[in-house]
Amino acid sequence: MEAEAGGAAAALRPRLAALGRRLAVAEGAGGDDTFLAKGSATVGKLKDLCNEGKEHPSVLLQLFTQAVLDITYFEENQLVDEDFPEESSMQKVKELICILSEPEDLVRECNINEEPINILGAELLECLYWRKGALLYMYCHTAKEKSEWLRANIAIFKKCLNDGVHYLMKMLSFRCPLQLNEDVSLQDKDTARLLSEGVFSDTHLLAMMYSGEMCYWGLRHCGEGKQESLEMTDSISGSALGCRSQSVSLDFRETGKNMLTKYVAVCEGPLKGQGWNTTTAKGMLCYFVKSHK
């Protein structure tokens, strides 16, 4: 146990130093955000625990994950507020995705013979993949409006969409949908239906909508041609930064149709009257069908 804790502490120290540098830059730029304060407190606590060398690796890695989520949230909000500046945002998005991938990398580095989900837990892993997918969604949402940039960088745009949808689909896969049976009581039927569709929170539902919308942008702006260009660009996850990119190309039409069909069914079924709008999703579903004829 102590050897495992020592291994985790040794692997964490350079990461904590890097997070400390990010914090210093953010605070130096006038950042006094609540999430920065939380991240800073967690980094301080982790440094103490690493020096003691007694805490279970899972505790250390979960705390590190929380620090990463808090600090990068501040940086993501800055990017959104600045409307993803053309000259620097791609590099910044790449950086943030690499940092959000570090908790899983650390589990592997520490030689713990467990899957990341058994060390970090489903909720933290969902958060990491949601944040990676949602960041690419926001980046693409802005990029698609910049027609000149889009024409010159269509392969990069397609790669961002592909990776973003993969991250969101992975986020939706960590928890098994509930299997319905006769034991489900009447008043729980709507909740049971949501859980059987894999909708455990509003974020799960948003992930369906975002991934369907990204597939729509992919089909609309990039067409149906094979995605050969995915292998040609490492713009999101360059090997120099140690990140793993999603090289498996998506069928934008089929994936988008599946995601949006499920989204509409849930919003008009168990969540009917709860304020979820399906107009946009239905419009995109029509496009998937019509453009196929």
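Along every chain, residues carry numbers that run from 1 in the direction the sequence is written. Per-residue local features of the predicted model are confined to residues with pLDDT of at least 70, and side-chain atom pairs are confined, for both listing and counting, to 80 or more; whole-chain, interface and lining totals are unaffected and use all residues. Side-chain numbers here rest on the full set of heavy atoms in the structure, without hydrogens or water.

Undergrad: Give a detailed account of the overall build of the chain, specifying residues and quantitative values.
TA: The way it works is that DSSP assigns letters per residue, a run of H or I at least four long becomes a helix, a run of E at least two long becomes a strand, and they are numbered from the N terminus. On a plain count of helices and strands, the chain comes out with 12 helices and zero strands. When the elements of the chain are put in sequence order from the N terminus, they spell out α-α-α-α-α-α-α-α-α-α-α-α. Buried residues in the chain amount to 48% of all 293 residues. Surface summary for the chain: the accessible area is close to 14,500 Å², and the carbon and sulfur share equals 50%. Using a 1.4 Å probe on the protein chains alone, a residue whose accessible area is under 20% of its type maximum counts as buried, one over 50% counts as exposed, and one in between counts as partly exposed. All accessibility values rest on the Shrake-Rupley procedure with a 1.4 Å probe; residue burial counts only the protein chains present in the view.

Undergrad: Which residues make up the nonpolar core, and what are the values?
TA: One broad trend across soluble globular proteins is that nonpolar side chains are buried collectively. Among buried residues, the Ala, Val, Leu, Ile, Met, Phe, Trp, Tyr and Cys ones that are joined through side-chain atoms within 4.5 Å form a nonpolar core. Membership of the largest hydrophobic core comes to 84 residues, with the highest contact counts inside it found for Val93, Tyr139 and Phe157. Here the element with the most residues in this core is helix α6 (residues 122–143); it accounts for 12 residues. By definition, residues are in contact when any of their heavy atoms lie within 4.5 Å. The contact partners of Val93, leaving out residues within four places of it in the chain, are Leu79, Phe84, Leu135, Leu136 and Tyr139.

Undergrad: Residues and numbers for the pattern of salt bridges, please.
TA: Put simply, a salt bridge is a Lys or Arg side-chain nitrogen that is within 4 Å of an Asp or Glu carboxyl oxygen. Tallying each qualifying case throughout the model produces 13 salt bridges. Two residues, Arg15 and Glu102, come together in a salt bridge whose shortest N-O distance is 3.7 Å. Pair noted here: Arg15 is in helix α1 (residues 2–28) and Glu102 is in helix α4 (residues 89–109), with a separation of 87 residues, a long-range link. When its relative accessible area of 14% is taken as the criterion, Arg15 is described as buried. Among the residues examined, Glu102 registers a relative accessible area of 23% and is labelled partly exposed. A salt bridge links Glu109 to Arg15; its shortest N-O distance comes to 2.8 Å. Pair noted here: Glu109 is in helix α4 and Arg15 is in helix α1, with a separation of 94 residues, a long-range link. Within the structure, one salt-bridge network assembled from shared partners comprises Arg22, Glu75, Lys92 and Glu95.

Undergrad: Which residues make up empty space enclosed by the protein, and what values do they have?
TA: Only protein atoms enter the 1 Å grid used here, on which a cavity is any set of points holding a 1.4 Å probe that cannot leave and a pocket is any open set flanked by protein within 12 Å on both sides along at least five of seven lines; residues with an atom within 4 Å of a point are listed as lining. Grid points are joined across faces, edges and corners, and a volume is the space filled by probe spheres set on the points. Taken as a whole and assessed by the stated rule, the structure comprises one cavity of 30 Å³ or more. As a volume, the largest cavity reaches approximately 60 Å³. Classes in brief: Ala, Val, Leu, Ile, Met, Phe, Trp, Tyr, Cys and Pro nonpolar; Asp, Glu, Lys and Arg charged; the others, Gly included, polar. Looking at the lining of the largest cavity residue by residue, the classes come out as four nonpolar, two polar and two charged.

Undergrad: Now, about the side chain of Lys144: what can you tell me, with residues and values included?
TA: Checked against the element boundaries, Lys144 lands in the loop between α6 and α7 (147–152). Residues adjacent in sequence count toward polar contacts only when both atoms are side-chain atoms; beyond that, a polar contact is any pair of N or O atoms within 3.5 Å, and within protein one must be able to donate a hydrogen and the other to accept it. Looking at Lys144, its side chain comes within polar contact range of the side chain of Glu145, at 2.5 Å. Other than its neighbours up to four places away in sequence, Lys144 contacts Leu150, Phe157, Trp217 and His221.

Undergrad: Tell me about the packing of helix α3 (residues 57–81) against α4, and please be specific about residues and values.
TA: Where α3 contacts α4, the axes come no closer than 10 Å and their chain directions differ by 170 degrees. With respect to α4, the element α3 is oriented roughly antiparallel. For the pair α3 and α4, the contacting residues are Leu61, Phe64, Thr65, Val68, Leu69, Thr72, Glu75, Glu76 and Leu79 in the first and Ser89, Lys92, Val93, Leu96, Ile99, Leu100, Glu102, Pro103, Leu106 and Val107 in the second. Here the contact of α3 with α4 is built from residues that sort into 12 nonpolar, three polar and four charged. The axes used here are C-alpha line fits, helices contributing only the stretch in contact, and every angle between their N-to-C directions lies in the interval 0 to 180 degrees. Under this scheme an angle from 65 to 115 degrees is roughly perpendicular, one under 35 degrees roughly parallel, and one over 145 degrees roughly antiparallel; angles in between are oblique.

Undergrad: Mind laying out the packing of helix α8 (residues 154–171) against helix α11 (residues 252–268), listing which residues take part and the relevant values?
TA: Here α8 crosses α11 at 40 degrees, and the two axes come no closer than 12 Å. For the element pair α8 / α11, the angle class is oblique. Where α8 crosses over α11, the two elements pack in a sense that is left-handed. Contacts from Lys158, Leu161, Asn162, Val165 and Met169 in α8 reach Phe252, Thr255 and Met259 in α11. Among the residues forming the contact of α8 with α11, the class breakdown is five nonpolar, two polar and one charged. Here is the rule for handedness: rotate from the far helix to the near one, and if that takes an anticlockwise turn smaller than a right angle the crossing is left-handed, while a clockwise turn gives right-handed.

Undergrad: I'd like a rundown of helix α2 (residues 34–52), residues and numbers included.
TA: In an α-helix, one turn spans 3.6 residues, which is why side chains three or four residues apart end up on the same side. In a helix, the anticipated span is given by 1.5 Å times the number of residues less one. A rise of 1.5 Å per residue sets the reference length of α2, with its 19 residues, at 27 Å; its end C-alpha atoms lie 27 Å apart and thus fit the reference within 8%. Within α2 the residues assigned to the buried category are Leu36, Gly39, Thr42, Val43, Leu46, Leu49 and Cys50. Along the long axis of α2, the arc covered by the buried residues comes to 145 degrees, so they all point the same way. Of the residues in α2, the exposed ones pointing more than 90 degrees away from the buried face are Thr34, Ala41, Asn51 and Glu52. N-cap assignment for α2: the residue whose side-chain oxygen lies 2.6 Å from the backbone N of Phe35 is Asp33. Just downstream of α2, Gly53 is the residue with a positive phi angle, here 70 degrees. Directions are taken from the helix axis to each C-beta atom, and the arc is the one they span.

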